[in-house]
Amino acid sequence: MGDKNPFRVPEGYFDNLAAEVMKQVPEQQPAQSRQVRLRPWLYAAACLLVAVLTATLYLFQPDPAPQHVAVATSAPSDTYVEDVADYVMADNIDIYACLASDY
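Predicted, not measured: the structure shown is a model, and the values here were computed from it.

1. Quick look at the overall build of the chain
Then step 1. Looking only at helices and strands, the chain features four helices and zero strands.
Then step 2. Mapped in sequence order, the helices and strands of the chain form the string α-α-α-α.
Then step 3. A buried classification covers 1% of the 103 residues belonging to the chain.
Then step 4. Accessible surface computed for the chain: about 11,100 Å², of which carbon and sulfur atoms make up 62%.

Following this line, the structure appears as structure tokens:
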């Protein structure tokens with residue numbers, strides 16, 4: 001290869017380059033359409049609509065069906081104790097061991 005540069009630019013190429021490029025650039029930008037100018041306002045209106053609908057649905061939702069609330073008494077009924085024992089699969093020996101153990 002050596003010191004010789006294989007690429008050459010024609011004589012006077014850079015003299016008229018700026019003028020040629022400016023000829024190809026349009027003189028004026030096209031005016032924005034009405035839709036493009038209104039787009040941010042449409043986005044803001046859509047966000048506001050979603051926020052209002054969400055707040056309305058959240059604030060005016062019907063109350064859930066009242067659930068049966070067990071009233072705590074000092075002595076639970078035998079059926080309650082049996083149901084709990086069945087649920088945890090504990091027999092009388094397990095219950096006695098639990099009550100007798102030190103915490």
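2. Observations regarding the packing of aromatic side chains
Then step 1. Following the criterion strictly, the structure yields one aromatic pair and no others.
Then step 2. With 5.2 Å between their ring centres and 80° between their planes, Tyr13 and Phe14 make a pair best called edge-to-face.
Then step 3. By relative accessible area, Phe14 is classed as exposed at 58%.

3. Description of a nonpolar patch on the surface
Then step 1. The grouping of Val9, Tyr13, Phe14, Leu17, Val21, Met22 and Val25 at the surface amounts to a nonpolar patch, some 680 Å² of accessible area in total.
Then step 2. As for its position among the elements, Val21 is in helix H1 (residues 17-24).

4. Comments concerning helix H3 (residues 78-88)
Side chains that are three or four residues apart share a direction in an α-helix, a result of its 3.6 residues per turn.
Then step 1. Of all eleven residues in H3, one are buried; the element is thus mostly exposed.
Then step 2. Of the residues trailing H3, Met89 is marked for its positive phi of about 55°.

5. Focus on the confidence of the model for the chain
Then step 1. When the pLDDT values of the chain are averaged, the result is 81; 83% of them are 70 or greater.
Then step 2. Averaged pLDDT values over the elements of the chain bottom out at 76 in H3 and peak at 93 in helix H2 (residues 34-59).

6. Here's the deal with a negative patch on the surface
Then step 1. Residues Asp78, Glu82, Asp83 and Asp86 make up a contiguous surface patch of negative charge.
Then step 2. Looking at where Asp83 falls in the secondary structure, it is placed in helix H3.

7. Describing H2
Then step 1. Helix length check: H2, at 26 residues, gives a terminal C-alpha distance of 37 Å against a target of 38 Å (1.5 Å per residue), a fit within 8%.
Then step 2. The sharpest bend along H2 reaches about 40° and sits at Pro40.

Reading the values: the criteria
Residues numbered from 1 in each chain as written. Predicted model: local features only at pLDDT ≥ 70, side-chain atom pairs only at ≥ 80, totals over all residues. Heavy atoms only, no water. Helix = DSSP H or I, 4+ residues; strand = E, 2+ residues; numbered from the N terminus. Buried < 20%, exposed > 50% of the residue type's maximum accessible area, 1.4 Å probe, protein only. Areas by Shrake-Rupley, 256 points an atom, 1.4 Å probe, with all protein chains shown as cover. Phe/Tyr/Trp six-rings, centres within 6.5 Å; stacked < 30°, edge-to-face > 60°. Patch = residues over 30% accessible without salt bridge, like charges linked within 9 Å, V, L, I, M, F, W, Y side chains within 5 Å. Salt bridge = Lys/Arg side-chain N within 4 Å of Asp/Glu carboxyl O. pLDDT = per-residue confidence, 0-100. Lys, Arg positive; Asp, Glu negative; His and termini not counted. Charge placed at Lys NZ, Arg CZ, Asp CG, Glu CD. Expected span 1.5 Å × (residues − 1). Bend = angle between axes of the 7 residues up to and from the residue.

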